[in-house]
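Coordinate inspection notes
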Amino acid sequence: DWDGAAQSLDRATQVMPNFAYAFYNAGVAHQRARRFQEMAERFRRFLELAPEAPERKMVQAALSSLRG
């Protein structure tokens, strides 16, 4: 249930607005639910909070694919 996961993880981003992985996991859930605008917003915030994270390249690739 990616919709439910995305909603729960969005709540986590509100409770912990500086916890990068809440945004990362919310982005993944939105990606799986095919809500790409929401995915992009969460992934951009993740990169702001954790610019050197090991997931950075995957996140950047996902964002680049939206631009075409």
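Remember, it's a predicted structure, so these values are computed and weren't measured experimentally.

Ranked by internal contacts, the top residues of the largest apolar core, which has 14 residues, are Tyr24, Phe43, Phe46, Leu47, Ala50, Val59 and Leu63. Contributions of two or more residues to this core are made by helix H2 (20-32), helix H3 (36-49) and helix H4 (56-67). Looking at this core element by element, the count peaks at five residues for H3. Not counting residues within four places of it along the chain, the set of residues in contact with Phe43 comprises Phe23, Tyr24, Gly27, Val28, Gln31, Met58, Val59, Ala62 and Leu63.

With that out of the way, let us pick up the packing of aromatic side chains. What describes a pair of aromatic rings is the distance from one ring centre to the other and the angle between the planes of the rings. Summed over the entire model, instances satisfying the criterion amount to four aromatic pairs. Judged by centre distance (6.0 Å) and plane angle (70 degrees), the ring pair of Tyr21 and Tyr24 falls under edge-to-face. Placement of both Tyr21 and Tyr24 in helix H2 is noted, with a separation of three residues, approximately one turn of the helix. Under the relative-accessibility criterion, Tyr21 is labelled partly exposed at 28%. Seen in terms of ring centroids, Tyr24 and Phe43 are 6.0 Å apart; in terms of plane orientation they differ by 20 degrees. Their pairing is stacked. Taken together, the positions of Tyr24 in helix H2 and Phe43 in helix H3 put the pair 19 residues apart, joining distant regions of the chain.

Here the focus is the packing of H3 against H4. Close contact between H3 and H4 brings their axes to 10 Å; oriented N to C, the two are set at 140 degrees. Between H3 and H4, the interaxial angle falls into the category oblique. Viewed along their axes, H3 and H4 form a crossing whose handedness is left-handed. Every residue of H4 that contacts H3 at Phe36, Met39, Ala40, Phe43, Arg44, Phe46 and Leu47 is listed here: Arg56, Met58, Val59, Gln60, Ala62, Leu63 and Leu66. Here the contact of H3 with H4 is built from residues that sort into eleven nonpolar, one polar and two charged.

What counts as what
Residues numbered from 1 in each chain as written. Predicted model: local features only at pLDDT ≥ 70, side-chain atom pairs only at ≥ 80, totals over all residues. Heavy atoms only, no water. Core = buried A, V, L, I, M, F, W, Y, C linked by side-chain atoms within 4.5 Å. Buried < 20%, exposed > 50% of the residue type's maximum accessible area, 1.4 Å probe, protein only. Helix = DSSP H or I, 4+ residues; strand = E, 2+ residues; numbered from the N terminus. Contact = heavy atoms within 4.5 Å. Phe/Tyr/Trp six-rings, centres within 6.5 Å; stacked < 30°, edge-to-face > 60°. Axes fitted to C-alpha atoms, helices over the stretch in contact; angles between N-to-C directions. Parallel < 35°, antiparallel > 145°, perpendicular 65-115°, else oblique. Left-handed = near helix turned anticlockwise from the far one by under 90°. Nonpolar A, V, L, I, M, F, W, Y, C, P; charged D, E, K, R; others polar.

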